[in-house]
Amino acid sequence: KQEVTQIPAALSVPEGENLVLNCSFTDSAIYNLQWFRQDPGKGLTSLLLIQSSQREQTSGRLNASLDKSSGRSTLYIAASQPGDSATYLCAVSSLTQGGSEKLVFGKGTKLTVNP
Amino acid sequence: GAGVSQSPSNKVTEKGKDVELRCDPISGHTALYWYRQSLGQGLEFLIYFQGNSAPDKSGLPSDRFSAERTGGSVSTLTIQRTQQEDSAVYLCASSLKGLAGGMFFGPGTRLTVL
């Protein structure tokens, strides 16, 4: 059974700091990994999608890496801003008991960037 | 619309009542998922629809939960005889075909069972 763990559960940093969020998964047989952002009371916004054959993806100040063999991914946020405050979720593709694809999510890292 | 939409955004109901939650996926997306997010918990997979294939119901927590997808587009998640433990945010997501292109989520329906 695929399990996804995110560390830390919460993180508070001053504005301007670079930071790293960690994600680990137990089964390396994944198709892809996706990082999402969730604002309070809102749905999920997709940030980055990394296919299993890729090592990293970049979008603006965000960079996500994937080490499939070791079951790890990191999300790097450069020059953090108060608007980056949200919960960041890591999810990996996996198979359901019915044989379909689904995403298995970690519990997230709650990030607070202080002005 | 440009994104996945869900209605209602909030639903408060009494224990024992039935509720229906609606999801409109992104136009052209053949795959549709329902997830549940309980307080302090991660997202829990409920059910998956792909095109006209039989849905994968392996994540439904009990037989009080059911879902249908009409015409390969709109989906309705029905919870019968609601219980307090059903209180959660129910999220719908769609993808172009499976997970290769990523999954796109709606804003969710917050269900509160009193």
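Check the entry above for the structure.
All of the points below concern the structure found in this document. It should be emphasised that the depicted structure is a prediction, and the values quoted were computed from it without experimental measurement.

The residue after A:Ile7, namely A:Pro8, is reached through a cis peptide bond having omega -5°. Between B:Ser7 and B:Pro8 the backbone carries a cis peptide bond, its omega angle lying at -10°. Tracing the chain through its elements places B:Pro8 in the loop between strand E1 (5–7) and strand E2 (10–13). In the Ramachandran plot, A:Ala79 falls in the positive-phi region, its phi being about 45° despite a non-glycine side chain. The topology assignment puts A:Ala79 in the loop between strand E8 (72–77) and strand E9 (86–95). Looking at A:Ala79, the relative accessible area reads 36%, which means it is partly exposed.

Turning our eyes to something else, we now look at the environment of A:Ser24. All names here are of chain A. With respect to the secondary-structure elements, serine 24 resides in strand E3 (residues 19–25). By relative accessible area, serine 24 is classed as partly exposed at 28%. Distance from serine 24 to glycine 71, taken between C-alpha atoms, is 5.4 Å for residues 47 residues apart in sequence. Ignoring any residue separated from it by four or fewer positions in sequence, one finds serine 24 in contact with Glu3, Val4, Thr5, Gly71 and Arg72.

Reading the values: rules and limits
Residues numbered from 1 in each chain as written. Chains lettered and ligands numbered in written order. Predicted model: local features only at pLDDT ≥ 70, side-chain atom pairs only at ≥ 80, totals over all residues. Heavy atoms only, no water. Helix = DSSP H or I, 4+ residues; strand = E, 2+ residues; numbered from the N terminus. Buried < 20%, exposed > 50% of the residue type's maximum accessible area, 1.4 Å probe, protein only. Contact = heavy atoms within 4.5 Å.

These figures come from the coordinates and say nothing about function on their own.
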